[in-house]
Amino acid sequence: MGKTFQSTTVNAPVDKVWETIRDFHDMSWTTSVITDCKPDGDLKGDQVGAKRVLNDAFHETLRELNDVDHIIRYSIDDAPSPVSETSGYLGLVRVHPVTDSNTSYVVWSSKWQGKDQETAEFCSPIYVAMLGDLKKKFA
């Protein structure tokens, strides 16, 4: 099984970070990576089952949105190679409070079957850049 794990601290309280990222259809906070985010279907970005297309290439579905634990879980249903050569791709974004500084610890991880190394090398820098954009938003 392939997997990635990326994390960062963000200089903002967990509720502010969560408010920024929780809408599955709003990727405006990561403009260096996502240049186009189109909803696909009638579900809103906070409804499980919502679909989106990122940069006309990544087709994703919202699998879980947990406002209590600050979790977004999604699948990548179609994407360029090497992701297209995997199965069961699941991503997870979770925001944790850092209580002594009123900041946030954000984790972005994923797992899949097949093309382990190539997919990790492809996806990991994307998630690192997205986390970097999130961090800059609150700098």
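The shown structure was predicted, so the numbers you read here are calculated from the model rather than taken from an experiment. (Residues numbered from 1 in each chain as written. Predicted model: local features only at pLDDT ≥ 70, side-chain atom pairs only at ≥ 80, totals over all residues. Heavy atoms only, no water.)

1. A closer look at unusual backbone geometry
Here the residue pair S81 and P82 is connected by a cis peptide bond, since its omega of 10 degrees sits within 30 degrees of zero. Not every positive phi belongs to a glycine, and N102 is a case in point at roughly 55 degrees. Tracing the backbone through its elements, the reader meets N102 in the loop between β6 (87–98) and β7 (103–113). (Helix = DSSP H or I, 4+ residues; strand = E, 2+ residues; numbered from the N terminus.)

2. Details of the environment of V48
Along the chain, V48 falls in the loop between β2 (37–39) and β3 (51–54). According to the relative accessible area criterion, V48 is partly exposed, its value standing at 49%. For V48 and E64, which are 16 residues apart along the polypeptide, the C-alpha to C-alpha distance reads 5.8 Å. (Buried < 20%, exposed > 50% of the residue type's maximum accessible area, 1.4 Å probe, protein only.)

3. Considering the environment of S124
Residue placement: S124 occurs in helix α2 (residues 116–137). Discounting chain neighbours no more than four positions away, the residues touching S124 are T4 and Q6. (Contact = heavy atoms within 4.5 Å.)

4. Digging into the pattern of salt bridges
In this structure the tally under the stated criterion is eight salt bridges. Here D36 and K38 are joined by a salt bridge, their closest N and O atoms 3.4 Å apart. E85 is the partner of K115 in a salt bridge, and the nearest nitrogen-oxygen pair spans 3.2 Å. Taken together, the positions of K115 in the loop between β7 and α2 and E85 in the loop between β5 (71–78) and β6 put the pair 30 residues apart, joining distant regions of the chain. Taking relative accessible area as the criterion, E85 reaches 41% and is therefore assigned partly exposed. (Salt bridge = Lys/Arg side-chain N within 4 Å of Asp/Glu carboxyl O.)

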